[in-house]
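Listed below, chain by chain, are the residues.
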Amino acid sequence: MTARIIDGKALAARVRDGITSEVAALAEHGVVPGLAAVIVGDDPASKVYVGMKHRASAAVGMYSRQAELPADTTQEDLERVVADLNTDDEIDGILVQLPLPDHLDPQRVQELIDPAKDVDALNPYTAGRLAIGDPTFLSCTPYGVLLLLEEAGVDTTGARVTIVGRSNLVGRPLANMLTLKGRDATVTIAHSRTTDLAAVCREADVVVAAAGRQGLVTADMVAPGATVIDVGTNRAEDGSLVGDVDFDAVSEVAGAITPVPGGVGPMTVTMLLQNTLEAARRRRGPAEGA
Ligand code: NAP
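Residues numbered from 1 in each chain as written. Predicted model: local features only at pLDDT ≥ 70, side-chain atom pairs only at ≥ 80, totals over all residues. Heavy atoms only, no water.

S.K.: Help me get a handle on the site of the ligand, residues and values and all.
M.R.: Close contacts around the ligand come from 21 residues, with R166, S167, S192, T233 and T268 the closest. H191 places a main-chain nitrogen or oxygen 3.5 Å from a nitrogen atom of the ligand. Here an oxygen atom of the ligand sits 3.5 Å away from a polar atom, N or O, in the main chain of V231. The fraction of the free accessible surface of the ligand (930 Å²) that becomes covered by protein chains is 70%. Here the shell around the ligand is composed, by residue class, of 8 nonpolar, 11 polar and 2 charged. (Near = heavy atom within 4 Å. Polar contact = N/O pair within 3.5 Å; in protein donor to acceptor, adjacent residues only side chain to side chain. Areas by Shrake-Rupley, 256 points an atom, 1.4 Å probe, with all protein chains shown as cover. Nonpolar A, V, L, I, M, F, W, Y, C, P; charged D, E, K, R; others polar.)

S.K.: For the pattern of salt bridges, give the residues involved together with the corresponding values.
M.R.: Here the structure, examined in full by the defined rule, presents 16 salt bridges. Across the salt bridge formed by R65 and E90, the nearest N and O atoms sit 3.2 Å from each other. Here the residue R65 occupies a position in strand β3 (residues 63–69), and E90 occupies one in the loop between α3 (75–86) and β4 (93–96), the gap between them amounting to 25 residues. Accessibility expressed as a relative area gives 43% for E90, which makes it partly exposed. In this structure, the salt-bridge partner of D134 is R129, at a minimum N-O distance of 3.1 Å. With relative accessibility at 39%, the residue D134 sits in the partly exposed group. (Salt bridge = Lys/Arg side-chain N within 4 Å of Asp/Glu carboxyl O. Helix = DSSP H or I, 4+ residues; strand = E, 2+ residues; numbered from the N terminus. Buried < 20%, exposed > 50% of the residue type's maximum accessible area, 1.4 Å probe, protein only.)

S.K.: Let's hear about a nonpolar patch on the surface: which residues, and what values?
M.R.: A cluster of nonpolar side chains, V48, Y49 and M52, forms an exposed patch at the surface whose accessible area comes to about 270 Å². Following the sequence through the fold, M52 ends up in helix α2 (residues 44–59). (Patch = residues over 30% accessible without salt bridge, like charges linked within 9 Å, V, L, I, M, F, W, Y side chains within 5 Å.)

S.K.: Describe in detail the packing of helix α1 (residues 8–27) against helix α6 (residues 140–151), supporting the description with residues and values.
M.R.: In contact at an axis separation of 11 Å, α1 and α6 are set at 105° when each is read in the N-to-C sense. Looking at the two axes, α1 sits roughly perpendicular to α6. When α1 is examined against α6, the residues G8, L11, R14 and V15 are found in contact with a partner set consisting of L147, L148 and E151. (Axes fitted to C-alpha atoms, helices over the stretch in contact; angles between N-to-C directions. Parallel < 35°, antiparallel > 145°, perpendicular 65-115°, else oblique. Contact = heavy atoms within 4.5 Å.)

S.K.: An account of the environment of L100 is needed here, citing residue identities and associated values.
M.R.: Secondary-structure assignment places L100 in the loop between β4 and α4 (106–112). Measuring from C-alpha to C-alpha, the distance between L100 and S46 comes to 9.4 Å, with 54 residues separating the pair along the chain. The contact partners of L100, leaving out residues within four places of it in the chain, are V40, L78, D105, P106 and V109.

S.K.: Lay out the sheet that holds β4 in plain terms, naming residues and giving numbers.
M.R.: Here we have 3 strands laid out as an open sheet, ordered β3-β2-β4, and parallel in their pairing. In the strand order of this sheet, the two ends are held by β3 and β4, each with one partner. Taking each pair of neighbouring strands and ignoring which way they run, the sheet shows an average axis angle of 15°. Bridge count between strand β2 (residues 34–40) and β3: 7 bridges; the pairing is parallel. Bridging from a neighbouring strand, I39 pairs with E68 of β3. (Pairing = 2+ DSSP bridges.)

Next comes the structure, spelled out in structure tokens:
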């Protein structure tokens, strides 16, 4: 069997086209969705990510602002920047780029983001709302995985899904999303202490790899015809970007698979834009039917 490639780049482009139209429609009501990114220090990867988000929001017609703070910013100063953005009416979505320098407390900062502007969905309040089955915003990477599964034609109702990874960024929120009423998957969360990971993956209709370990998911771990979503992003020895899945071998067994790059990655930024649009609509959009 040769798996169908689930093209995240093409799907992201289609979703962004839809967002562009909806941003234009909101602009007719005088509302331009605004996204603020806070970045502390000079981490090159963080700068690349924030630059990407900035360009992506500009491309769909949103307003985007970057608060660039020096590496020695104090917790108090960082919290003041977030507090100011919370009350800034032009700003609908706030993200604090992680990782922060070691002397800063990321959890405390995430907690301060107004839940109405928490488009990265990392505030414990937002995560808790999802966990009790009443989500406000869906965190961007797992939200993108949901759309990729829809794109692959996977009906998650009753499907067995194994997620490899239990982080608050990917694994846990994805499990909570897939077990929402209406999605109705049966989810197993695997992690580094899981016994016989291969068997746990083999029994799944869908395997989502989000461990950050190159080559972790091999062909013998995947049931014939299963759908495989590779969230992992790792640097191979030759410097290229690779996922957690042994792509060539697993493609011979799986029914559908996402590539790296070009799978989950483009969807993550797209869902950030989607959440920012949604935040603007909720905060400032025209009343229903207007
Ligand atoms: P993380 O916080 O490091 O979590 C990794 C998870 O994988 C942990 O739960 C860990 O288990 C588990 N794990 C590690 N090695 C394992 C093994 N050998 N077997 C089974 N489980 C194992 O990472 P993350 O932030 O969730 O990110 C995961 C990967 O996704 C990374 O490669 C990251 O770069 C990528 N990512 C990509 C995007 C994108 O947009 N494409 C977005 C976010 C993340 P323990 O809990 O037991 O330690």
